[in-house]
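# Structural features, examined
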Amino acid sequence: MAAASPASKAAASAAWKTAPLVSGVVASREALAPLAFGEAPRIGILGDSGTGKTEAARALVKDWITRVPSFALVLDDKELRARFEGQERRDLADLAAQPPAPEPRVLVLRGDVRRGVEVDPEEAAAWAWAMAARNRASLVVYDELTRAARNGRWLAGRDSLFPKTFGQGRAAGLSSIWGTQSPQDAPREPFEQSSVIYCFRLDGLGLNTLVDRNYVLDEGLAEVIRSLPGDELPPPERGYFVLLRRGRPWDGNVYRYSAS
């Protein structure tokens, strides 16, 4: 195969610019649409590091809170400074010892970042199922799904509460937002059960996984995903993504939330 010309490479690198740019508010409306039917959305946020995934997750949490009179739980234990605003606790034991105030309704589990102690996703899933047992809806944000999986398999086994959240959570009111930089390492359940996936810039094995799992149906969309901007821009200028649904054609848009 002949090498691509400089002109063709330049066109490929700008492929995303040929699509209409639409407000992330519209993407939120699509992602949270199951709420209108009394069902809990499951939303994936995929892409390379530094592309704007956290900003999108924050926007989705804010939009979910405005629609649902209940609590959202965020696992935010990666950085010294919390990336989500809310009532901070170390873990669920700390949350039980210090019950949350009525507001704000975002509960941020921080683990012990300085000592490298992370929050157990299985505990977060148990919290969501306990909420369901009380007829309360919930949202859990699992920032990096692959901490609970390896080579596409759940570390806690398929019978644990964590994968059950994806398989049975829709009717029980368990909304989930899950993210990863490495889609190829994530199990099938989140892909098969997600309402939509926000896809930021991605290539290689990660993009191939989306093709294999029937989220990217044509090379034109794949080229757009490869070309989306990311950490080459200053943080306030990042955040471009496409909206994917399994087995359905791309809507032709690129989305972005306004920088806060």
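Residues numbered from 1 in each chain as written. Predicted model: local features only at pLDDT ≥ 70, side-chain atom pairs only at ≥ 80, totals over all residues. Heavy atoms only, no water.

So, about the pattern of salt bridges. Within this structure, the stated rule accounts for 16 salt bridges. Residue Glu 103 is joined to Arg 105 by a salt bridge in which the shortest nitrogen-to-oxygen separation is 3.1 Å. In this structure Glu 103 comes out as exposed when scored by relative accessible area, which is 52%. Put simply, Arg 201 and Asp 231 hold a salt bridge, and the shortest N to O gap is 3.2 Å. Of this pair, Arg 201 sits in the loop between strand 10 (196-199) and helix 8 (204-212) while Asp 231 sits in the loop between helix 9 (219-227) and strand 11 (242-244); the two residues are 30 residues apart in sequence, bridging distant segments of the chain. By relative accessible area, which is 46% here, Asp 231 ends up partly exposed. (Salt bridge = Lys/Arg side-chain N within 4 Å of Asp/Glu carboxyl O. Buried < 20%, exposed > 50% of the residue type's maximum accessible area, 1.4 Å probe, protein only. Helix = DSSP H or I, 4+ residues; strand = E, 2+ residues; numbered from the N terminus.)

Along the chain, Asp 94 falls in helix 4 (residues 92-97). Although Asp 94 is buried, it makes no salt bridge; Arg 90 carries the closest opposite charge, 4.4 Å away. A polar contact of 2.7 Å, which involves the side chain of Asp 94, links it to the side chain of Gln 98. (Lys, Arg positive; Asp, Glu negative; His and termini not counted. Polar contact = N/O pair within 3.5 Å; in protein donor to acceptor, adjacent residues only side chain to side chain.)

This brings us to the pairing of strand 6 (residues 138-142). By the criterion of burial, strand 6 is predominantly enclosed, with five of the five residues buried. Here strand 6 shows a buried face lined by Ser 138, Val 140 and Tyr 142 and a second buried face lined by Leu 139 and Val 141. Judged from the five bridges that link them, strand 3 (residues 71-75) and strand 6 form a sheet pairing that is parallel. Along strand 6, the bridge assignment pairs Val 74 with Val 141. As paired strands, strand 6 and strand 9 (residues 174-180) are joined by five bridges and run parallel to one another. Bridging across to strand 9, Tyr 142 finds its partner in Trp 178. (Pairing = 2+ DSSP bridges.)

This part covers the environment of Asp 203. Mapped onto the elements, Asp 203 comes out in the loop between strand 10 and helix 8. With 24 residues separating them along the chain, Asp 203 and Ser 227 place their C-alpha atoms 9.1 Å apart. Here Arg 226 takes part through its side chain, which lies 3.2 Å from a polar atom of the side chain of Asp 203.

With that settled, the discussion passes to the confidence of the model for the protein. Taken over all residues, the pLDDT of the protein has a mean of 89, while the share at 70 or more is 93%. Under a pLDDT of 50 for its full length, residues 1-11 has, in the predicted model, one contact with residues more than four places off or in other chains. (pLDDT = per-residue confidence, 0-100. Contact = heavy atoms within 4.5 Å.)

Here the focus is helix 2 (residues 24-31). Every buried residue of helix 2 is listed here: Gly 24, Ala 27, Ser 28 and Ala 31. Projected down its long axis, helix 2 carries its buried residues within an arc of 100°, all on one side. Buried positions along helix 2 lie against strand 1 (21-23), strand 2 (42-46), helix 3 (53-67), strand 10, strand 11 and strand 12 (254-256). (Arc of directions from axis to C-beta.)

Further remarks concern helix 8. Because an α-helix packs 3.6 residues into every turn, residues spaced three or four apart end up facing the same way. Of all the positions in helix 8, only Gly 206, Leu 207, Thr 209 and Leu 210 are classed as buried. End-on view of helix 8: buried residues confined to an arc of 150°, all on one side of the axis. Away from its buried face by more than 90 degrees, helix 8 exposes Leu 205 and Asp 212.

Formed by 47 residues in total, the largest nonpolar core has its most connected members in Trp 127, Ile 197, Leu 210, Ile 225 and Leu 244. By residue number, the principal contributor to this core is helix 5 (residues 121-133), which donates seven residues. Beyond its immediate stretch of four places on either side in the chain, Leu 210 contacts Leu 46, Phe 191, Ile 197, Cys 199, Leu 202, Tyr 215, Val 216 and Leu 244. Counting residues in hydrophobic clusters, the runner-up holds 28 residues, among them Val 74, Phe 84, Phe 241 and Tyr 255. (Core = buried A, V, L, I, M, F, W, Y, C linked by side-chain atoms within 4.5 Å.)

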